[in-house]
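If you want the building blocks of each chain, they are given just below.
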Amino acid sequence: MQNDRLIIAGRELTSRLFVGTGKYKDFAETKKAIEASGADVVTVAVRRVNITDRSKENLLDYLDPKKYTILPNTAGCYNVEDAVRYARLARAAGVSDLIKLEVLGDERTLFPDTVGLLEAAKILVKEGFIVLPYTNDDPIVAQKLVDIGCPAVMPLAAPIGSGLGIRNPYNLKIIMEMVKVPIIVDAGVGTASDAALAMELGADAVLMNTAIAGAQDPIAMAEAMKYAVLAGRLAYKAGRIPRKLYATASSPIEGML
Amino acid sequence: MVETIQIQVNGEQRGCQADATVGDLLRELAIKAERVAVELNLEVLDRKDFDHRSLKQGDRVEILSFIGGGAPVDVQGKGRGFVHAE
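This structure is a prediction, so every number in the text was calculated from the model and none was measured. (Residues numbered from 1 in each chain as written. Chains lettered and ligands numbered in written order. Predicted model: local features only at pLDDT ≥ 70, side-chain atom pairs only at ≥ 80, totals over all residues. Heavy atoms only, no water.)

Caption draft 1: Broad picture of the overall build of chain A. Within chain A, the secondary structure is distributed over eight helices and 10 strands. By the compact-globule yardstick of 18 Å for 257 residues, chain A fits well, its C-alpha radius of gyration being 20 Å. The principal-axis extents of the C-alpha atoms in chain A amount to approximately 85 × 40 × 35 Å. For chain A, long-range pairs separated by at least 24 residues make up 65% of all intrachain contacts whose partners lie at least 6 apart in sequence. For chain A, the accessible surface area stands at approximately 12,000 Å², while carbon and sulfur atoms represent 52% of it. Treating the 30 positive side-chain charges of chain A as one cloud and the 30 negative ones as another, the clouds have centres 1 Å apart. (Helix = DSSP H or I, 4+ residues; strand = E, 2+ residues; numbered from the N terminus. Rg over C-alpha atoms; globule rule 2.2 N^0.38 Å. Contact = heavy atoms within 4.5 Å. Areas by Shrake-Rupley, 256 points an atom, 1.4 Å probe, with all protein chains shown as cover. Lys, Arg positive; Asp, Glu negative; His and termini not counted. Charge placed at Lys NZ, Arg CZ, Asp CG, Glu CD.)

Encoded structure:
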């Protein structure tokens, strides 16, 4: 697996597990969990600085941007204008053109508004952003995002934070077969087996936040996810046996009494 | 005496010196310029222009930086009670 590196927009990544940085108890726990996960890519949100209380620490004091690839998102944006605005602010606040583009359509499900997503992606790609779009498990939309110039596509496994796991493995599989860029399964993972399943299907990476941060022991779960992604990737590369309805004996009949 | 003007910073009214720049405002707020993005009247500024852009009466300034996030629910504070610093 030494040479099994994921490359996105020319960036070579060691880990196929991407992690979010929300919902942790504090920055120290965030740092420990991310270290345990072995992730290279960490997502962050862009928000107003607290100007009345300047004693608060900064997330980047805990996550060295030289060590991690910081992937800002446009979380919380429900229209094209807001998403584009936050993407521009993220670029101005950060060090790169990377953006995890989210245009949400509904507060209850947090499902992507794929019409708005395509529009925002078009604008941002034109402005030189490296757009990693959070999208639905729709192969046609995924292909359109690639046509626009997205170097990877991030279809959901299930609603954000739901922990429901891979709800539509067949659509994800079709996306993986149809679309010729890396596929990062994003959102909805609940536990290690979900992450392993995504990788066994052929995903190039998995992104998660709540499954780790919301676990009883986030640091232990981060480590579990690291192994799950590695195991799933290895199994995918190894090639699983076909499913059959009836048994095939493993021990030879020859030599029996 | 230096004239003061009223501006809006992250939604809050505050006074500042009439000849102040965006860079001056950040220093007054003890905010490291290399960690933030600044939007002046909806225009995202280049960091190297902070010291060249002066503030005018009624200007709306937004100062933003990275916080922990992965999913939108995180930043709405519905997580495990962690109040994000910035």
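Text resumes after the structure shown.
Caption draft 2: Structural context of the confidence of the model for chain B. All names here are of chain B. With 79% of its residues at a pLDDT of 70 or more, chain B has an overall mean of 81. Confidence scores differ between elements of chain B, with helix α2 (residues 72-75) showing the lowest mean pLDDT of 42 and strand β3 (residues 37-40) the highest of 95. When the criterion is pLDDT under 50, residues 72-86 qualifies, and its contacts beyond four places in sequence or with other chains add up to 46 contacts. Overall fold confidence (pTM) sits at 0.88, and the ipTM for the predicted complex is 0.83. (pLDDT = per-residue confidence, 0-100.)

Caption draft 3: The arrangement of the interface of chain B and chain A in detail. Contacts between the two partners involve 36 residues from chain B and, on the opposite side, 48 residues from chain A. Between chain B and chain A, roughly 3,800 Å² of surface is buried when both sides are summed, and carbon and sulfur atoms account for 60% of that area. On the surface where chain B and chain A come into contact, there are two salt bridges. In this structure, Glu62 of chain B and Arg48 of chain A form a salt bridge, with 2.7 Å as the shortest nitrogen-oxygen distance. Secondary structure elements with two or more residues in the side of chain B that touches chain A: β3, β5 (60-68) and α2 of chain B. (Buried area = accessible area lost by both parts, 1.4 Å probe. Salt bridge = Lys/Arg side-chain N within 4 Å of Asp/Glu carboxyl O.)

Caption draft 4: How the structure looks around the sheet that holds strand β8 (residues 154-155) of chain A. Residue and element names in this part refer to chain A. Strand order in this open sheet of three strands is β6-β7-β8, and the pairing throughout is parallel. Here the strands that pair on one side only, and so sit at the sheet edges, are β6 (98-101) and β8. Bridge analysis of strand β7 (residues 130-135) against β8 gives two bridges, and the strand direction is parallel. Looking at the pairing, Tyr134 lines up with Met154 of β8. (Pairing = 2+ DSSP bridges.)

Caption draft 5: Layout of the side chain of Thr21 of chain A. With respect to the secondary-structure elements, Thr21 of chain A resides in the loop between β3 (17-20) and α1 (27-37). A distance of 2.7 Å separates the side chain of Thr21 of chain A from the backbone oxygen of Thr43 of chain A, its partner in a polar contact. (Polar contact = N/O pair within 3.5 Å; in protein donor to acceptor, adjacent residues only side chain to side chain.)

Caption draft 6: Here's a closer look at the packing of aromatic side chains. Residues and elements named next belong to chain A. Per the stated rule, a full pass over the model turns up one aromatic pair over all chains. When the centroid spacing of 5.5 Å and the interplanar angle of 35° are considered together, the rings of Phe27 and Tyr62 count as tilted. Highlighted residues: Phe27 in helix α1 and Tyr62 in the loop between β4 (41-48) and β5 (69-72), separated in sequence by 35 residues. Residue classification places Phe27 among the buried positions, given a relative accessible area of 6%. (Phe/Tyr/Trp six-rings, centres within 6.5 Å; stacked < 30°, edge-to-face > 60°. Buried < 20%, exposed > 50% of the residue type's maximum accessible area, 1.4 Å probe, protein only.)

Caption draft 7: View of the side chain of Arg16 of chain A. Residue and element names in this part refer to chain A. With respect to the helices and strands, the residue Arg16 is situated in the loop between β2 (11-13) and β3. A polar contact is formed between the side chain of Arg16 and the side chain of Asp4, at a distance of 3.2 Å. Discounting chain neighbours no more than four positions away, the residues touching Arg16 are Asp4, Arg5, Leu6, Met199, Asp204, Ala205, Val206, Val229 and Arg233.

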